[in-house]
Amino acid sequence: MSNILDMNHIYKDFYSLDEERQILKDINFSVKEGEILVLLGPSGCGKSTILNIIAGLLEPTSGSINTHGKKIGYMFQKDQLFEWRTIMKNITLGLEIQHKLNDEAQDEIKRLLQIYDLWDFRNNFPRELSGGMKQRAALIRTLALNPDILLLDESFSGLDFQTRLTVTDDIYKIIKNENKTAILVTHDISEAISLADTVAILSHRPTTIQSVHQIHLTIDGEKTPFNARTAPEFQDYFDLFWKELQNDEERN
Amino acid sequence: MKKETKGSPGYLTYLKNIKKESRHILWIQLLSCVIFLIFWEVAATLGWIDDFFVSKPSAIWTLLIKYIENGEIFRHVGISLLETLAGLAIGTIGGLFIAICLWWSDKLARIFDPFLVVLNALPKTALAPILIVWVGASMKGIIVIAVITSITVTIMSAYSYFITVDPDKIKLMQSFGATKWQILTKLVLPANGINMINLLKINIGMTWVGVIVGEFIASKAGIGYLIVYGGQVFKLNVVMMGVFVLAIFTLIMYQGVNLLEIYLRKKQSAKK
Ligand SMILES: Nc1ncnc2c1ncn2[C@@H]1O[C@H](COP(=O)(O)OP(=O)(O)OP(=O)(O)O)[C@@H](O)[C@H]1O
Ligand SMILES: [Mg+2]
């Protein structure tokens, strides 16, 4: 399959009055169509910065990004639903801004809401939904614009463990069903292994990519992030990634 | 039509207790007023306190009736109300507009910051005499004073509300490709709906201060004029009546904003 995103020699410095800080140092990676790439790295290493650069919200200091003309959808750490809008109105926000709220888009939203169990809540306000439902609503808001590449920034970290497992399953299913490519960011090793096709491990600041691993798990039946955790290879990957992150920690 | 509330016996008792409690509080409030008025009346009649200085409720009431009958009160209230409503509208809308400009341009905000801080710390009533000289001893002058008293607070509070909107929500809007105008109208303003209502409530009080001070300095009519006139000729009844009427109208305006708030909340949470 062909590449859908290429990052070439991305550097990013942040300037403030008393210092300049190099955050990203020579980041290179590519993502193939349909792939889930997980960027695994310690807190504060610049994961969100990488996503912001891909989404075009931030200019890199140097380097180039090629998105091959694909559309990008960004899902943030928190659901960021607007509490004064109903779920439906929240989901149509992006379309409204881009003046693309036509019948076709409405039908698509209806389909998404129905399969992902939110149709009955379309006229409710965010405060009336559970954390997991809000995450799903936020994902549908992103999907409503029909992006080719999804960026997910620790999108589950605000949830309690149990909800988090269910939502991860749901979202994984949605990404695969809708045939999306995804770049997901996390500092949770288990989450990375259970979701990813490919894991890229990031170092401490200034951040580079330490290593890239293809994940191959032996699973009976269809893969879900939940049953991925029971695969025999899971622990080996866990130990490997743990050691790599640990080594990097010691070098600093 | 009476709304039928459903629920378990425990929940119904809970609701009933809350209602009972509010009714109770209302009764105590009314009763305190009545007792206060009776005590005042009796004390003044029996000469415990000098009614030349503090007047008494029955005298104030009789005077009010007289002013109502000859229509004088309506002239005074009408003028003050007009000045207040004009001052409130200009101060609030103008203040919000300037706050939006400051939000729009960070540079502008930084340029104006020290001036706003000074202007805010200054007692605006100190400017009243100058303004009257500049604008003239007319209704226009009084409205300008009222606007000056409320606009700085409006600008500063509204601006601080605007810039505390969650930066991630702004990033979300940007990720959709929103223009600055769309970020303003679809995020910043609706996110601060309740804050702006509260600002309006504060401004009612501020605007009345401006209007009354303005009328103290230069006017031929209005509630402020009535109060000053009463004070100068030692007719404390007139002063007290002025204060009473003022209290009533402040309350009415405040309740008006409350109704507006309830209406907006209802409209917001109405389901299609
Ligand atoms: N706009 C900015 N200006 C200056 N420094 C910034 C800015 N944004 C981020 N940084 C710094 O860059 C570093 C990386 O930030 P980033 O948010 O990308 O990290 P992260 O890996 O997403 O962290 P976390 O796991 O906590 O979400 C941090 O040290 C942060 O302080
Ligand atoms: Mg982050």
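Residues numbered from 1 in each chain as written. Chains lettered and ligands numbered in written order. Predicted model: local features only at pLDDT ≥ 70, side-chain atom pairs only at ≥ 80, totals over all residues. Heavy atoms only, no water.

Residues and elements named next belong to chain A. Pairing analysis gives five bridges linking strand 8 (residues 198-202) to strand 9 (residues 209-214), with the strands arranged antiparallel. If you follow L202 over to strand 9, its bridge partner there is I209. The antiparallel hairpin formed by strand 8 and strand 9 contains six residues in its connecting segment. (Pairing = 2+ DSSP bridges. Helix = DSSP H or I, 4+ residues; strand = E, 2+ residues; numbered from the N terminus.)

Below, the discussion takes up the packing of helix 3 (residues 57-69) of chain B against helix 12 (residues 236-269) of chain B. Residues and elements named next belong to chain B. In contact at an axis separation of 9 Å, helix 3 and helix 12 are set at 75° when each is read in the N-to-C sense. Between helix 3 and helix 12, the interaxial angle falls into the category roughly perpendicular. Contact residues: helix 3 offers A59, I60, L63, L64 and Y67, while helix 12 offers N237, V238, M240, M241, F244 and V245. Taken together, the residues of the contact of helix 3 with helix 12 break down into ten nonpolar, one polar and no charged. (Axes fitted to C-alpha atoms, helices over the stretch in contact; angles between N-to-C directions. Parallel < 35°, antiparallel > 145°, perpendicular 65-115°, else oblique. Contact = heavy atoms within 4.5 Å. Nonpolar A, V, L, I, M, F, W, Y, C, P; charged D, E, K, R; others polar.)

We now examine the site of ligand 1. Residue and element names in this part refer to chain A. Residues in close proximity to ligand 1 include F14, R21, I23, S43, G44, C45, G46, K47, S48, T49, E154 and R205, which together make up its full environment. A distance of 2.8 Å separates an oxygen atom of ligand 1 from a polar backbone atom of K47. In this structure, an oxygen atom belonging to ligand 1 sits 2.4 Å away from a side-chain N or O atom of T49. Burial of ligand 1 by the protein amounts to 63% of the accessible area it has alone, namely 630 Å². Secondary-structure elements contributing two or more residues to the shell around ligand 1 are strand 2 (19-32) and helix 1 (47-54). The dominant element in the shell around ligand 1, judged by the number of residues it contributes, is helix 1, at three residues. Along the lines of polarity and charge, the residues of the shell around ligand 1 split into three nonpolar, five polar and four charged. (Near = heavy atom within 4 Å. Polar contact = N/O pair within 3.5 Å; in protein donor to acceptor, adjacent residues only side chain to side chain. Areas by Shrake-Rupley, 256 points an atom, 1.4 Å probe, with all protein chains shown as cover.)

Residue and element names in this part refer to chain A. The domain architecture assigned to chain A consists of domain 1 (36-60 + 149-252) and domain 2 (82-147). A separation of 25 Å is found between the C-alpha centroids of domain 1 and domain 2. Each partner contributes residues to the interface: domain 1 has twelve residues there, and domain 2 has 14 residues. Buried surface at the junction of domain 1 and domain 2, summed over both partners, amounts to about 1,100 Å²; 66% is from carbon and sulfur atoms. The interface formed by domain 1 and domain 2 contains two salt bridges. (Domains from an automatic or database assignment. Buried area = accessible area lost by both parts, 1.4 Å probe. Salt bridge = Lys/Arg side-chain N within 4 Å of Asp/Glu carboxyl O.)

On to the interface of chain A and chain B, then. Listed per partner, the contact involves 23 residues of chain A and 20 residues of chain B. Summing both partners gives a buried area of about 2,000 Å² for chain A against chain B, and 63% of it is carried by carbon and sulfur. Looking only at chain A, the three residues that lose the most surface to chain B are Q80, W84 and I97 of chain A, adding up to 31% of its buried area. Our enumeration of links across chain A and chain B arrives at one salt bridge. Across the pair K186 of chain B and E96 of chain A runs a salt bridge, and its minimum N-O distance is 2.8 Å. Here the element with the most residues in the side of chain A that touches chain B is helix 3 (residues 93-97) of chain A; it accounts for four residues. When its residues are assigned to classes, the side of chain A that touches chain B shows ten nonpolar, seven polar and six charged.

As enumerated under the stated definition, the model contains ten aromatic pairs over all chains in all. Here Y11 of chain B and Y14 of chain B contribute two aromatic rings whose centre-to-centre distance is 6.2 Å and whose plane-to-plane angle is 20°, an arrangement assigned as stacked. Linking Y11 of chain B with Y14 of chain B, this pair stays in helix 1 (residues 9-45), spanning three residues, or about one helical turn. Judged by its relative accessible area of 41%, Y11 of chain B is partly exposed. Between the aromatic rings of F52 of chain B and F53 of chain B, the centroid separation amounts to 5.2 Å while the plane-to-plane angle is 80°, which identifies the pairing as edge-to-face. Taken together through their ring pairs, the aromatic side chains of F52, F53 and F234 of chain B make up a single cluster. Its guanidinium or amino end placed over the ring of W119 of chain A, R122 of chain A lies 3.9 Å from that ring's centre, counting from NZ or CZ. Here the basic side chain of K180 of chain B rests over the ring of W103 of chain B, its NZ or CZ set 5.2 Å away from the ring centre. (Phe/Tyr/Trp six-rings, centres within 6.5 Å; stacked < 30°, edge-to-face > 60°. Buried < 20%, exposed > 50% of the residue type's maximum accessible area, 1.4 Å probe, protein only. Lys NZ or Arg CZ within 6 Å of the ring centre and 35° of its normal.)

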